[in-house]
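Coordinate inspection notes
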Amino acid sequence: MTRVPVIAANWKMQLTEGEAIMLAESIREDWDSGDSLEVILFPSFLHIPIVRDILKGKPVGLGGQNLSFAEKGAFTGEIGAFQLVDSGCSHVLIGHSERRHYFHEDYETVNRKVQAAIAANLHVMLCIGESTDERKTGVTEMVIIDQLESAFAGINQDRLANMYIAYEPIWAIGTGHTPEPEEAAHVHQIVRKTITRLYSEQIAKSIRILYGGSVEPRNIAAFMSQEDVDGVLVGGASLNSKKFLQCLTKWRT
Ligand code: PGA
């Protein structure tokens, strides 16, 4: 099965409206979207409609960086799946390590968010990854499997279509440190094996597994050339239009 490569950009809480506009405009003007590459942007909630309008007609997916586990109602400060869809989002990031860490999102919350997103037909990009200590103590595989099993608990296999998994070792996020591409690919194989065990080989083969953590133009191709690495989730380097456009062209060189 051929999986279309994907490059996703996580803008986090980094940009002003003007900066988000400039970035979206440069992607519109300078990226040749004729390539067989899927591009997904995760702007701040506030900038989603603006980015949507700027990139109208371009094959760029748009997603929220988070969502509420609740469907709708009196949940002050939250954003529901239906609101993301209504604003033009096709995707949503769930379980990013910053949300797990700073906002105490536990396995159950992540699972509820996956359920909420799937119910609204959003494509989920589930983030998983081990901490420095977990890596040091050699429990990476166990952590990855736990995160997958808990996130997908109760999720029917027919709802897994177009699901993405982003493997982001926490120690590599925003640090400039990365695993060797082969090391990341090894974890991706564990992810695919786990999905095969939980669902089927066919589903495991259809799911795209991205690597994330200090991806830049200089290392993107090394990751994306690995057999089991279907794409990358870029944080810091996606905030700079020159660097991000280089990522969009250099991924296969
Ligand atoms: P980074 O962030 O590329 O800045 O390391 C990646 C992420 O957190 O998704």
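Being a predicted model, the structure only gives us computed values, none of them experimental.

A few words on empty space enclosed by the protein. In the structure shown here, the tally under the stated rule is one cavity of 30 Å³ or more. Considered as a void within the structure, the largest cavity measures approximately 30 Å³ in volume. Residue lining of the largest cavity: Gly-95, His-96, Ser-97, Arg-100, Cys-127, Ile-128, Gly-129, Gln-147 and Glu-168, and that is the complete set. Elements with a minimum of two residues in the lining of the largest cavity: helix H4 (97–102) and strand E5 (123–128). Of the residues that constitute the lining of the largest cavity, the class distribution is two nonpolar, five polar and two charged.

What follows concerns the layout of surface pockets. Of the volumes computed, that of the largest pocket is approximately 400 Å³. Taken together, 14 residues line the largest pocket, and the ones lying closest to its centre are Lys-12, Met-13, Gln-65, Arg-99 and Phe-103. Here the element with the most residues in the lining of the largest pocket is H4; it accounts for three residues.

Between the first and last C-alpha of helix H7 (residues 140–151) there are 16 Å, a value that for 12 residues agrees with the 16 Å anticipated at 1.5 Å per step. Regarding H7, the residues found buried are Thr-140, Val-143, Ile-144, Ile-145, Gln-147, Leu-148, Ser-150 and Ala-151. The secondary structure elements touched by the buried residues of H7 are H4, helix H5 (107–119), E5, helix H6 (132–136), strand E6 (164–167) and helix H8 (181–198).

Our next topic: the pairing of strand E2 (residues 38–42). Along E2, four of the five residues are buried, which leaves the element largely enclosed by surrounding structure. Here five bridges tie strand E1 (residues 6–10) to E2, and the two strands are oriented parallel to one another. Bridge pairing in E2 links Ile-7 to Val-39. With helix H2 (residues 48–54) bridging E2 and the parallel strand E3 (residues 60–64), this β-α-β connection has right-handed handedness.

As a structural note, the neighbourhood of the ligand is formed by 13 residues, with Lys-12, His-96, Glu-168, Gly-174 and Ser-214 the closest of them. A distance of 3.5 Å is found between an oxygen atom of the ligand and a side-chain nitrogen or oxygen belonging to Asn-10. One of the backbone nitrogen or oxygen atoms of Gly-236 is found 2.8 Å away from an oxygen atom of the ligand. Summarising the interface, the protein chains cover 95% of the accessible area of the ligand, which totals 280 Å² for the free molecule. Grouping the constituent residues of the shell around the ligand by class yields four nonpolar, seven polar and two charged.

Here we come to the side chain of Thr-194. One can find Thr-194 in helix H8. Owing to a relative accessible area of 4%, Thr-194 belongs among the buried residues under this scheme. Of note is the side chain of Thr-194, whose polar atom sits 2.7 Å from the backbone oxygen of Ile-190. For Thr-194, the residues in contact, after removing those within four places along its chain, are Ile-145 and Leu-148.

The rules we used
Residues numbered from 1 in each chain as written. Predicted model: local features only at pLDDT ≥ 70, side-chain atom pairs only at ≥ 80, totals over all residues. Heavy atoms only, no water. 1 Å grid on protein atoms, 1.4 Å probe; cavity = no way out; pocket = protein on both sides within 12 Å on 5 of 7 lines; lining within 4 Å. Points joined across faces, edges and corners; volume = space filled by probe spheres on them. Helix = DSSP H or I, 4+ residues; strand = E, 2+ residues; numbered from the N terminus. Nonpolar A, V, L, I, M, F, W, Y, C, P; charged D, E, K, R; others polar. Expected span 1.5 Å × (residues − 1). Buried < 20%, exposed > 50% of the residue type's maximum accessible area, 1.4 Å probe, protein only. Contact = heavy atoms within 4.5 Å. Pairing = 2+ DSSP bridges. Right-handed = clockwise from strand over helix to strand, strands pointing away. Near = heavy atom within 4 Å. Polar contact = N/O pair within 3.5 Å; in protein donor to acceptor, adjacent residues only side chain to side chain. Areas by Shrake-Rupley, 256 points an atom, 1.4 Å probe, with all protein chains shown as cover.

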